[in-house]
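Understanding the architecture of this molecule
Each chain is listed here by its residues.
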Amino acid sequence: MSDSVSQESEAEQSQTIVMPELPEGRLLDTVVAPAEVLSSPCGDADPTDPEVIQLAADLIASMRVAPGCVGLAANQVGVPLRVFSLDVSEHPKTRTCHGEFVLVNAEILEATRNQKAREGCMSVPDFTGDVKRATRLVVRGQLPVTGEWVEFRTDAFEAVALQHEIDHTNGFLFLDRAAGAHAIHPRQTYL
Ligand SMILES: [Zn+2]
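Now for a description of the structure that goes with this document.

Procedures and definitions
- Residues numbered from 1 in each chain as written.
- Predicted model: local features only at pLDDT ≥ 70, side-chain atom pairs only at ≥ 80, totals over all residues.
- Pairing = 2+ DSSP bridges.
- Helix = DSSP H or I, 4+ residues; strand = E, 2+ residues; numbered from the N terminus.
- Buried ≥ 20, exposed ≤ 12 C-beta atoms within 10 Å, placed from the backbone.
- Core = buried A, V, L, I, M, F, W, Y, C linked by C-beta atoms within 7 Å.
- Contact = placed C-beta atoms within 7 Å.

Re the pairing of strand β5 (residues 149-155)
Of the strand pairs in this sheet, strand β4 (residues 127-142) and β5 are connected by seven bridges, and their pairing is antiparallel. Of the residues in β5, the one forming a bridge with Val 138 is Arg 153. Counting the residues that bridge the hairpin from β4 to β5 gives six residues, and of these Val 145 lies at a positive phi of roughly 80 degrees.

Shown next, in the form of structure tokens:
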């Protein structure tokens, strides 16, 4: 964990989170808004619980097969636990990247430098929205299997994606963060 004062020059760092080995994941169907499970805060999860470990594997497998999907929260597959997968490594707006990982019981410790950007979500297939999010973030969460706590600093698109996923675990959609109806747009193509 770096305590260094963040500077512009620290972009382009690559600090892949080393994930414990997971079982084979299954493909799960995505829940679509306005499902109740998407708008309720999720409960804490035990990262060492075999069902949570399988859920972590399932989230990664389901995220990988969905075109353009950079993150998937457990309540998006109907499980009301604070678990999500993330992988922004292929996204053009990514700077700092921690690779493909799952976080359990994640929370934001610091959030600064808000910027507005367009967001979409597999659970809101017909719309995108302009949402103001921090572009500098410090996050902590537990890894599945070991329960190890990891804390890291990130920026740009990974920071935005993490806020989107942590919002899911707290029962919020990007629609709740958009500045109003004028900030919601019909989705023209699925990507
Ligand atoms: Zn989403």
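Okay, back to it.
Thoughts on unusual backbone geometry
For the bond from Ala 33 to Pro 34, the omega torsion is 10 degrees, close enough to zero to count as cis. Summarising the element assignment, Pro 34 is placed in the segment before α1 (50-65). Of note, the phi angle at Arg 113 is positive, near 60 degrees, even though the residue is not glycine. Within the secondary structure, Arg 113 is located in strand β3 (residues 101-119). Of the residues examined, Arg 113 has 13 C-beta atoms within 10 Å and is grouped as partly exposed. One non-glycine residue, Ala 156, adopts positive backbone phi at about 50 degrees. Checked against the element boundaries, Ala 156 lands in helix α2 (residues 156-169).

Quick notes on the nonpolar core
Grouped together as the largest cluster of nonpolar side chains are 37 residues, with contacts concentrated most on Val 52, Ala 56, Leu 59, Ala 74, Val 83, Phe 84 and Val 102. Broken down by secondary-structure element, the contributors of at least two residues to this core are α1, β1 (71-73), β2 (83-86), β3, β4 and α2. When residues no more than four places from it in sequence are discounted, the contact partners of Ala 56 are Leu 22, Val 83, Val 102 and Pro 144. If you look at the next biggest cluster of nonpolar residues, it comprises seven residues, including Leu 38, Leu 173, Phe 174 and Ala 178.

Topic: the pairing of β4
Here β3 pairs with β4 via 12 bridges, running antiparallel. Bridging across to β4, Arg 118 finds its partner in Asp 130.

Concerning the environment of Val 131
Within the element layout of this structure, Val 131 appears in strand β4. Here Val 131 falls in the buried class, since 22 other C-beta atoms lie within 10 Å of it. Spatially, the C-alpha atom of Val 131 lies 10.0 Å from that of Gly 120, the residues being 11 residues apart in sequence. If we ignore the near neighbours within four places in the chain, the residues touching Val 131 are Lys 116, Ala 117, Glu 119, Phe 174, Arg 177 and Ala 178.

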